[in-house]
Structure formats: structure tokens, C-alpha cells
Amino acid sequence: MKEYRTYVKNHCLWILWVAILGSIGLWLLGWTNHITGWLWGMMTHGIYFLYLVLQTRRISQISLEDVKRKVRIAVISRFSLIVVLVGIGTQIPSLSMKGVLGGVFIFVPLQYIEYTIHARKQ
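The residue numbering used here restarts from 1 in each chain and proceeds along that chain's sequence as written. Totals for whole chains, interfaces and linings use every residue, but because this is a predicted model, local features are given only for residues with pLDDT of at least 70 and side-chain atom pairs only at 80 or more, for both listing and counting. Side-chain metrics in this entry use all non-hydrogen atoms of the structure; hydrogen atoms and water are not considered.

1. Thoughts on the overall build of the protein
Logical step 1: Strands are runs of DSSP state E lasting at least 2 residues, helices are runs of H or I lasting at least 4, and numbering of each runs from the N terminus. Helix and strand counts for the protein stand at five helices and zero strands.
Logical step 2: Starting at the N terminus and walking to the C terminus, you meet the elements of the protein as α-α-α-α-α.
Logical step 3: In terms of principal-axis extent, the alpha carbons of the protein reach across some 50 × 40 × 15 Å.
Logical step 4: Residue exposure (1.4 Å probe, protein chains only): buried if accessible area is under 20% of the type maximum, exposed if over 50%, otherwise partly exposed. Counting over 122 residues, the protein shows a buried share of 31%.
Logical step 5: Excluding contacts between residues fewer than 6 apart, the proportion of contacts in the protein whose partners are at least 24 apart in sequence is 73%.
Logical step 6: Put simply, the protein shows about 8,500 Å² of open surface, and 69% of that area lies on carbon and sulfur atoms.
Logical step 7: Seen as two clouds, the 13 positive and the 4 negative side-chain charges of the protein have centres 7 Å apart. Here a residue-residue contact requires only that any non-hydrogen atoms of the pair lie within 4.5 Å. Residue-level accessible areas treat just the shown protein chains as cover; the underlying method is Shrake-Rupley with a 1.4 Å probe. Charge assignment in this entry is limited to Lys and Arg as positive and Asp and Glu as negative, and neither His nor the chain termini are counted. In this description, the location of a charge corresponds to atom NZ of lysine, CZ of arginine, CG of aspartate or CD of glutamate.

See below:
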């Protein structure tokens, strides 16, 4: 469990650093109109990850049959969370949808990069 908590803390810091570095990169490229969308997308990414952590913690304490049922529900609820947060983002005029989608879609590559860095340490 200690390793899991360490992973969660490290990943949250990783999300924060990518959000900051991405914002600086957008600013340096002159795409300042996409920064607010980028930060919204990264916030969506962070909320999604923390919700996943919460669901995983709950699932680890139940039987295998209940896990199968709850995993299906959990996938749908996490997807719905992303849809709702992106939908809210579309209603905010100052958010760039390109930035929002960039922040949301970086989730999987970010996990692969983090995993690769962790695997090299092992």
C-alpha cells in the first residue's frame, strides 16, 4: 500500500509539472489563447486520476465477483466524468477547446512516459 500511495503522489506531481511546463511551452510559442484550455484539460486529467484512485481503493476491499460488476460501472462513471468536465469547458468562452483536448488526451502518453522512467529505475 505504501508503494501505491507513493505512486499516486508522484503521478499527481507529474500532472502538476506537465501542466506548468505545457503552459510555459504554449506561452513561449505564442499560443497564449490555449493556456486556459490546457489548464482545464490538465485539471480534468487530475480529477479523473484522483477519481480512479478512489475507485481502485474501494475495489481492493471486495470479492472478485463484485469487482467485475463494479469495474464496469467505474469505467462508465469515469468516462461520464470526462464528458461532463469537457462539456462544462465548452460553456466557458475563455477556454480553448484545442487546449482542453490536449490536456485530456495527454493522459495515456503521460502514463507511458512515467512508467518507462519508473521501469528504468528498477
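That was the structure; now back to the text.
2. Examining helix α4 (residues 97–105)
Logical step 1: When α4 is considered as a whole, its buried residues turn out to be Gly99, Val100, Gly103 and Val104. Angularly, the buried residues of α4 cover 130° about the axis, an arc narrow enough to put them on a single face. Relative to its buried face, α4 has exposed residues pointing more than 90 degrees away, namely Lys98 and Phe105. By definition, the arc is the one covered by directions from the helix axis to the C-beta atoms.

3. Side note on the layout of surface pockets
Logical step 1: One number sums up the size of the largest pocket: a volume of about 400 Å³.
Logical step 2: What lines the largest pocket is Glu3, Thr6, Tyr7, Asn10, Trp14, Gln111, Glu114, Tyr115, Ile117, His118 and Lys121.
Logical step 3: Contributing elements (two or more residues each) for the lining of the largest pocket: α1 (2–29) and α5 (107–121).
Logical step 4: The element contributing the most residues to the lining of the largest pocket is α5, with six residues. Buried and open spaces are told apart on a 1 Å grid over the protein atoms alone, a cavity being a set of points where a 1.4 Å probe fits but cannot get out and a pocket being an open set with protein on both sides within 12 Å along at least five of seven lines. Residues with an atom within 4 Å of a point are the lining residues. Grid points are joined across faces, edges and corners, and a volume is the space filled by probe spheres set on the points.

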